[in-house]
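As a plain string of letters, each chain reads:
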Amino acid sequence: MENEKTAWERLNLVHTKGRPTIRDYIPLIFKDFYELHGDRCFGDDHAVIGGIARLDGVPVTVIAQVKGRDINENKDCNFAMPLPEGYRKALRLAKQAEKFHRPVICFIDTPGAYAGVAAEERGQGEAIARNIAEFMTLRTPVISIILGEGGSGGALALGVCDELAMLENAQYSVASPRASASILWKDASREQEACNIMRITAEDMVDLGVAETIIEEPLGGAHNDLDKISENIKEFLSLKIAEKCQKDIDVLLKERYTKFRKVGEFIE
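Residues numbered from 1 in each chain as written. Predicted model: local features only at pLDDT ≥ 70, side-chain atom pairs only at ≥ 80, totals over all residues. Heavy atoms only, no water.

**Q** What am I meant to see in the side chain of Glu-149 here?
**A** Of note, Glu-149 is situated in strand β5 (residues 142-151). A distance of 2.6 Å separates the side chain of Glu-149 from the side chain of Lys-67, its partner in a polar contact. When neighbours within four sequence positions are excluded, Glu-149 is seen to be in contact with Leu-11, Val-14, His-15, Lys-67, Ile-108, Asp-109, Thr-110, Pro-111 and Gln-171. (Helix = DSSP H or I, 4+ residues; strand = E, 2+ residues; numbered from the N terminus. Polar contact = N/O pair within 3.5 Å; in protein donor to acceptor, adjacent residues only side chain to side chain. Contact = heavy atoms within 4.5 Å.)

Rendered as structure tokens:
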């Protein structure tokens, strides 16, 4: 792993043009992916993709935030900023997975949930909060992976899980470095400084007990070897799905609850 990189350098790698998105990973990790659409309430949010697939022959439900690979794809998926209907679609598919005893695999890659007026009118905060509450008690294994950006509640809505992994250069933060600089110093131009002091890297998250696993990226970043990074992700998922599926569901739920209760503990 390239541990010497600063958080800012890692963020720039995450923003590198050509970095793989979930649409690149799905065909290489899963078989027979069948996409399901809509939240049965308002519409189909293209910032969240979901469906049924097979991982090593095991039926799973895949839920992922979508980043575009060019400007047209980014416009279509609202630059990976989900709307309330995206989170409600995710919850609908998670509940379906629970009913049919399928493990849920979530891929997180968003700067944050969309904060526009229309999203707020349709209940953005409620949709995120409901996902957090419902995923905490979902009676089926849940594994989440942060592919690039894990921004604020928009990421946490898919981040309540039994095991959280992060790609080596991925980041998980309560707010973006630019937003943090604006809040702390009223100066968005200090985002690099904020990024490097926020403790938002994969190593930081493991140290803080927020994430459990770091998935190694190829030298120079995931965009340099799509096959290799896909292989690394698949190997991790195969191992963890088999491990979690062997556990009694009540034990799994208790461990999930304990995992999140421990986050934020500190000693003065």
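The structure having been displayed, the exposition proceeds.
**Q** Got a minute to help me understand a negative patch on the surface in this structure?
**A** Residues Asp-225, Asp-227, Glu-231 and Glu-235 make up a contiguous surface patch of negative charge. Checked against the element boundaries, Glu-231 lands in helix α11 (residues 226-245). Judged by its relative accessible area of 47%, Glu-231 falls in the partly exposed class. (Patch = residues over 30% accessible without salt bridge, like charges linked within 9 Å, V, L, I, M, F, W, Y side chains within 5 Å. Areas by Shrake-Rupley, 256 points an atom, 1.4 Å probe, with all protein chains shown as cover. Salt bridge = Lys/Arg side-chain N within 4 Å of Asp/Glu carboxyl O. Lys, Arg positive; Asp, Glu negative; His and termini not counted. Charge placed at Lys NZ, Arg CZ, Asp CG, Glu CD. Buried < 20%, exposed > 50% of the residue type's maximum accessible area, 1.4 Å probe, protein only.)

**Q** Please clarify how the state of the cysteines should be interpreted in this entry.
**A** Covalent bonding between the sulfur atoms of two cysteines defines a disulfide. Counted under the stated rule, the structure contains 0 disulfides. Cys-106 provides the cysteine sulfur closest to Cys-77, a residue in no disulfide bond, and the two sulfurs are 17 Å apart. The exposure class assigned to Cys-77 is buried, which follows from its relative accessible area of 2%. Considering cysteine sulfurs only, Cys-161 is the nearest to Cys-106, which forms no disulfide, with 7.7 Å between them. Accessibility expressed as a relative area gives 0% for Cys-106, which makes it buried. (Disulfide = S-S within 2.5 Å.)

**Q** Is there a simple way to explain the pattern of salt bridges in this structure?
**A** It is possible for side chains of opposite charge to pair when their charged atoms get near one another. Per the counting criterion, the structure on display carries 26 salt bridges. A salt bridge links Glu-134 to Lys-95, with the nearest nitrogen and oxygen atoms 3.0 Å apart. One end of the pair, Glu-134, is in helix α6 (residues 124-136); the other, Lys-95, is in helix α4 (residues 84-99), and 39 residues separate them in sequence. Note that Lys-259 and Glu-212 form a salt bridge whose closest N and O atoms lie 2.8 Å from each other. On the criterion of sequence distance, the pair formed by Lys-259 in helix α12 (residues 249-261) and Glu-212 in the loop between α10 (202-207) and β8 (213-215) is long-range, its members being 47 residues apart. When its relative accessible area of 9% is taken as the criterion, Lys-259 is described as buried. Three or more residues are tied together by salt bridges with common partners; here these are Arg-88, Lys-95, Glu-98, Glu-126, Arg-130 and Glu-134.

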